[in-house]
Every structure is written in structure tokens, then in C-alpha cells.
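Architecture and fold: a report
Here is how the chains run, residue by residue.
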Amino acid sequence: MIYLNYDYKKKKKKNGNQIVSIRDIGENSLLEVELKDNEVQLVVYWRNDKTVGFKMPKEMFENIYKDLMESN
């Protein structure tokens, strides 16, 4: 599936943590999702400024995904 206005990247940081970034090209905004041990960290950047960060347990993130997919 191709999303023309978005750039999706997966990478591994030097410390071994997996990070996924999604850039909305038109809005110049970025969502970064990083798994740190048993915690998921979400960070949003808008026009190169960090605007919000949020941490949650990995299990909660998995439940959110499962609940969203079940609703379809």
C-alpha cells in the first residue's frame, strides 16, 4: 500500500531500540514510536518542534491496536 503524502521509516538506534517514524510531508509533522524495554514512547514533532511526548506500557499499546482492529 502506498501513501503519497507520508514517509514511513523503520530503524534501529545504537542502543538497540526499534524506532518507527511516520512523516506527514504536507504538514511537515513527524510521529516517532519507540519501544524501550516494556514501554512504548510516542513523540510528535510539528514543523521541527517537539510538541508532545507520551509513554505507556507495551501491553496497553497492544490492546489499543487490537481494539481498533476489532472495530472494523
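Structure first, text after, so check above.
Residues numbered from 1 in each chain as written. Predicted model: local features only at pLDDT ≥ 70, side-chain atom pairs only at ≥ 80, totals over all residues. Heavy atoms only, no water.

1. Some words on the overall build of the protein
Broken down by element type, the protein carries one helix and five strands. Sequence-ordered secondary structure for the protein, helices as α and strands as β, is β-β-β-β-β-α. Reported as C-alpha extents along the three principal axes, the dimensions of the protein are approximately 35 × 30 × 25 Å. For the protein, the residues scored as buried account for 21% of the 72 residues in total. For the protein, the exposed surface amounts to about 6,100 Å²; the carbon and sulfur share of it is 54%. Seen as two clouds, the 13 positive and the 12 negative side-chain charges of the protein have centres 7 Å apart. (Helix = DSSP H or I, 4+ residues; strand = E, 2+ residues; numbered from the N terminus. Buried < 20%, exposed > 50% of the residue type's maximum accessible area, 1.4 Å probe, protein only. Areas by Shrake-Rupley, 256 points an atom, 1.4 Å probe, with all protein chains shown as cover. Lys, Arg positive; Asp, Glu negative; His and termini not counted. Charge placed at Lys NZ, Arg CZ, Asp CG, Glu CD.)

2. Section: the side chain of E32
When you line up the elements, E32 lands in strand β3 (residues 29–36). Comment: no salt bridge for buried E32; closest opposite-charge side chain is K11, at 5.4 Å. Other than its neighbours up to four places away in sequence, E32 contacts I19, V20, S21, Q41, L42, V43 and Y45. (Salt bridge = Lys/Arg side-chain N within 4 Å of Asp/Glu carboxyl O. Contact = heavy atoms within 4.5 Å.)

3. A few points about the sheet that holds strand β2 (residues 18–24)
Read from one edge of the open sheet, five strands run β1-β2-β3-β4-β5, paired in antiparallel fashion. Two strands in the sheet have a free side with no partner beyond their single neighbour: β1 (6–12) and β5 (49–57). Averaged over all pairs of adjacent strands, the angle between strand axes in this sheet comes to 15°, irrespective of strand direction. The pairing of β1 with β2 spans seven bridges and is classified as antiparallel. Bridging across to β2, Y6 finds its partner in D24. Along the sheet, helix α1 (residues 58–70) contacts β3, β4 (39–46) and β5; its crossing angle with β5, the most-contacted strand, is approximately 100°. (Pairing = 2+ DSSP bridges. Axes fitted to C-alpha atoms, helices over the stretch in contact; angles between N-to-C directions.)

4. Focus: unusual backbone geometry
Of note, N28 is a non-glycine position whose phi angle comes to about 55°, a positive value. Relative to the helices and strands, N28 is located in the loop between β2 and β3. In this structure, D37 takes a positive phi of about 55° despite not being glycine. Relative to the elements of secondary structure, D37 occurs in the loop between β3 and β4. Note on D37: relative accessible area 75%, which makes it exposed.

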